[in-house]
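Chain by chain, the residues:
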Amino acid sequence: MNELQVIWMAMCVMLVFFMQAGFALLESGASRAKNSINVLMKNYMDMCLGGLIFWSVGFGLMFGDTSTGWLGTNHFFQQQFTTAEAVKLAYQTMFAATAATIVSGAVAERMHFSTYLIFSAFVTGIIYPVFGSWAWNEHGWLRALGFVDFAGSTVVHSIGGWCALAGIIVLGPRLGRYSRQGETREIPGHNLPLVALGGFILWLGWFGFNGGSISSLEKNNLGLVLLNTHLGGSAGALSALLFMYFRKQPVLLSATVNGSIAGLVSITAGAAYLSPLAAVAVGFTGGVFYLLAVNLLDRLQLDDVVGAVAVHGVGGVWGTLAVALFPQGAFSFSTLLVQMTGIVACFVWAFPTAFLFFKLLDNYLGVRASTLDEQRGLDYTEHYEVGYPEFQKRLDSNAA
Amino acid sequence: MNDLNKRRRQAAWICFEPYLAEEQLFKAIHILERGYQTDSVSNSIAYIGRVCSEFDIGSEIRKSLYGQFHKLMSEGADLRIDSLALALKKNQAKPRQETAASKPVQASPAPVLSMVEPLEQQDKTASLPPHTVVFSYFMRQLIAYLPDKPALFEILMELAKNKRNSTDHISRWASNPDKFDWTEGLDEKTLASLVHRVYTAFCEIMGPVAADECFHKAMAACEQKPESRQFSPARFL
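Residues numbered from 1 in each chain as written. Chains lettered and ligands numbered in written order. Predicted model: local features only at pLDDT ≥ 70, side-chain atom pairs only at ≥ 80, totals over all residues. Heavy atoms only, no water.

### Some remarks on the interface of chain B and chain A
Move 1: Contacts between the two partners involve 25 residues from chain B, matched on the other side by 23 residues from chain A.
Move 2: Counting every contact that joins chain B to chain A gives three salt bridges.
Move 3: A salt bridge links Arg180(A) to Glu204(B); the nearest nitrogen and oxygen atoms lie 2.8 Å apart.
Move 4: The interface formed by chain B and chain A contains ten residue pairs in polar contact (both at pLDDT 80 or more).
Move 5: Breaking the side of chain B that touches chain A down by element, the ones donating at least two residues are α3 (41-54), α4 (59-74), α8 (149-162), α10 (188-206) and α11 (208-222) of chain B.
Move 6: Residue contributions to the side of chain B that touches chain A peak at seven residues, all from α10(B).
Move 7: When grouped by side-chain class, the residues that make up the side of chain B that touches chain A number 13 nonpolar, five polar and seven charged. (Contact = heavy atoms within 4.5 Å. Salt bridge = Lys/Arg side-chain N within 4 Å of Asp/Glu carboxyl O. Polar contact = N/O pair within 3.5 Å; in protein donor to acceptor, adjacent residues only side chain to side chain. Helix = DSSP H or I, 4+ residues; strand = E, 2+ residues; numbered from the N terminus. Nonpolar A, V, L, I, M, F, W, Y, C, P; charged D, E, K, R; others polar.)

Now the structure itself:
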């Protein structure tokens, strides 16, 4: 890596870090006011804890030397490295934190803070780096097959999405979210401007998320990567808007922002390889798939507060498939098969592992906040703070 | 165009009929005729919004009405109501009534129960501890918001059985929802636990957003009571 690349990558570290703010604002805005602090704390701390865990254990599992192609075996608690190696570690740490924080939005408003942190540590320490070693380690078995995931549609976003799916299944829906007759009741977020701001910040960070993933092989494609990233996000937002409009549904800001995020997730796997027209098609389709997935989850009564499973899980799958469906050269069935292998391997690894861990946590510590805590709001019951003290009544049992 | 206008009237009638009295329905149709007979999604949304604001229909119902209205407009099935003909017939049959009692609207503010209680009731409440009085009043306020009271008691019984709690209090309450004699002797903790179960039941019946709204309004009304200076209803939450 030359000096210019190191500087660019260092900037990307900061941009991807700033995506945490985007996630925090989007998720907090999409939750009710009485849970806003709890959501922010989960985002803040999974970044902090994730960073420490990934540096200590995850990086070694993911990028350490491996003879089998399944797990790294060294570079734990890394102390010495070159500038380029340090920047790479810092960059990958931000990716790990991104995978973990995807879960926090899905499980918002009813999961204990302490058990969430434990789960987050497990994601950044085990689930994410193990799969990452298969796909991105030089000797990873998936990589050896020819699996392509440029910046992490599957490695980061689908991993986060499937962990989120496991979480919402174990936790169950929020109180009153679904009626006994199966009707879905909307629980609107308390601050939609925050949701929009979060979307903008995520988009900004995505230029670093994708742009920093260029290697020496793709360095000449930086402009294409940045352009495709933007086109994917734009097309995703537009498709979500048109989908709602032509179905004569109210055109919602939250769904439009999520549509753009779905577009960004979708383009992440192939940003360096797709043509701009293909990037538009991929992002556009990603937005549609997101809305269809949200409807499906509601029909299955799987309560995902921010649509994380639909955006990151389903968007990640589509983006990874799109690499094979929109090739630069001729279409190849074997490439498609390899991409599908990677998608399936990701699900088979992440979902059951996360599900079992959630179940273990639930058995020994309890993951779900009580209905009384849900009524009072997790801000007060978990953190003894309220997000808007001048506007929220403190439902305090000691109040005279 | 006339067919579309007619269909729009029919759809509006069908949508609002469960929530509005007859006079209000006619007024809603009149609003449609005056300014919302254009064929666009934004027009439909604006019309539904206007009528909901006019007759204080809650946001949850409003959202479902958007979808229902659109569905009725896009379906091919014949709608058998002709609201305009009904209105004309009504005008010919009897003079227009000035006012009509409004149908209770789901999850919208119910009239606050009178602060003045009968004298014998006042004597009785004077002897009860403040937390009991506040609880009774709080529950009366809350129940007034419910269109389907039996559903509340059904869910409360279920919750009590699930937690292996006694169902005696719930049974006594269910037999006479307006009487709270059964609360005598119950401590604050027991009543608070009951309040929480009522909250859970409200969430199941009307959703958490509407439940929160009802609880906050009931609490605000409760805080007007003199006993709430000694015992705040917030302590139950």
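Now, onward.
### Things to note about the packing of aromatic side chains
The description of an aromatic ring pair uses the distance of the two centres, along with the angle that the planes make with each other.
Move 1: A full pass over the atoms with the stated rule returns 40 aromatic pairs over all chains.
Move 2: An angle of 25° between the planes, with centres 5.0 Å apart, marks the rings of Trp70(A) and Trp141(A) as stacked. A residue pair is termed long-range when its members are at least 10 positions apart, and Trp70(A) in the loop between α2 (36-63) and α3 (83-106) and Trp141(A) in helix α5 (residues 141-145) qualify at 71 residues.
Move 3: With centroids separated by 5.3 Å and ring planes inclined at 75°, the aromatic side chains of Tyr245(A) and Phe246(A) adopt a geometry described as edge-to-face.
Move 4: Since its relative accessible area comes to 63%, Phe246(A) is described here as exposed.
Move 5: Ring pairs connect the aromatic residues Phe135(B), Phe153(B), Trp173(B), Phe180(B), Trp182(B), Phe231(B) and Phe236(B), which therefore count as one cluster.
Move 6: The ring of Phe63(A) carries Lys88(A) above its face, with NZ or CZ at 4.3 Å from the centroid.
Move 7: Cation over ring: Lys225(B) sits above Tyr137(B), and NZ or CZ is 5.1 Å from the ring centre. (Phe/Tyr/Trp six-rings, centres within 6.5 Å; stacked < 30°, edge-to-face > 60°. Buried < 20%, exposed > 50% of the residue type's maximum accessible area, 1.4 Å probe, protein only. Lys NZ or Arg CZ within 6 Å of the ring centre and 35° of its normal.)

### A closer look at the packing of helix α6 (residues 153-171) of chain A against helix α11 (residues 308-325) of chain A
All names here are of chain A.
Move 1: Where α6 contacts α11, the axes come no closer than 8 Å and their chain directions differ by 145°. Seen along the crossing, α6 lies across α11 with a hand that is left-handed. Between α6 and α11, the residues in contact are Ser 153, Thr 154, His 157, Ser 158, Gly 161, Trp 162, Ala 164, Leu 165 and Ile 168 and Ala 308, Val 309, His 312, Gly 313, Val 314, Gly 316, Val 317, Gly 319 and Thr 320, respectively.
Move 2: Considered class by class, the residues forming the contact of α6 with α11 number eight nonpolar, ten polar and no charged. (Axes fitted to C-alpha atoms, helices over the stretch in contact; angles between N-to-C directions. Left-handed = near helix turned anticlockwise from the far one by under 90°.)

### Here we look at the packing of helix α8 (residues 222-246) of chain A against helix α9 (residues 253-268) of chain A
All names here are of chain A.
Move 1: Where α8 contacts α9, the two axes come as close as 7 Å, and the packing angle between them is 140°. Comparing their axes, α9 and α8 come out oblique. As α8 packs across α9, the resulting crossing turns out to be right-handed. Between α8, through Asn 228, Thr 229, Gly 232, Gly 233, Gly 236, Ala 237, Ala 240 and Met 244, and α9, the contact on the second element is made entirely by Ala 255, Thr 256, Gly 259, Ser 260, Gly 263, Leu 264 and Ile 267.
Move 2: Looking at the contact of α8 with α9 residue by residue, the class counts come to six nonpolar, nine polar and no charged. (Parallel < 35°, antiparallel > 145°, perpendicular 65-115°, else oblique.)

### With respect to the side chain of Arg177(A)
Move 1: Tracing the backbone through its elements, the reader meets Arg177(A) in the loop between α6 and α7 (192-211).
Move 2: With relative accessibility at 7%, the residue Arg177(A) sits in the buried group.
Move 3: A polar side-chain atom of Arg177(A) sits 3.3 Å from a polar atom in the side chain of Asp298(A).
Move 4: The contact partners of Arg177(A), leaving out residues within four places of it in the chain, are Glu183(A), Thr184(A), Arg185(A), Glu186(A), Ile187(A), Asp298(A), Asp303(A) and Pro208(B).

### A word on the confidence of the model for chain B
Residue and element names in this part refer to chain B.
Move 1: Looking at chain B as a whole, the pLDDT averages 78, with 77% of positions reaching at least 70.
Move 2: No element of chain B has a lower mean pLDDT than helix α6 (residues 119-126), which averages 54, and none a higher one than α10, which averages 92.
Move 3: Within the model, pLDDT remains below 50 along residues 94-120, and this stretch shows 45 contacts once partners closer than five positions in the same chain are excluded.
Move 4: What the predictor reports for the complex is a pTM of 0.80 with an ipTM of 0.87. (pLDDT = per-residue confidence, 0-100.)

### Focus on the pattern of salt bridges
All names here are of chain A.
Move 1: Counted by the stated rule, this structure contains 14 salt bridges over all chains.
Move 2: Notably, a salt bridge pairs Arg 174 with Asp 303, separated by 2.7 Å at the nearest N-O pair. Residue Arg 174 is found in the loop between α6 and α7, and its partner Asp 303 is found in the loop between α10 (276-299) and α11; the two are separated by 129 residues along the sequence. In this structure, Arg 174 and Asp 303 share a single accessibility class: buried.
Move 3: In this structure, Arg 368 and Glu 374 form a salt bridge, with 2.5 Å as the shortest nitrogen-oxygen distance.
Move 4: Put simply, Arg 32, Glu 109, Arg 174, Arg 177, Asp 298 and Asp 303 are held in one network by salt bridges that share partners.

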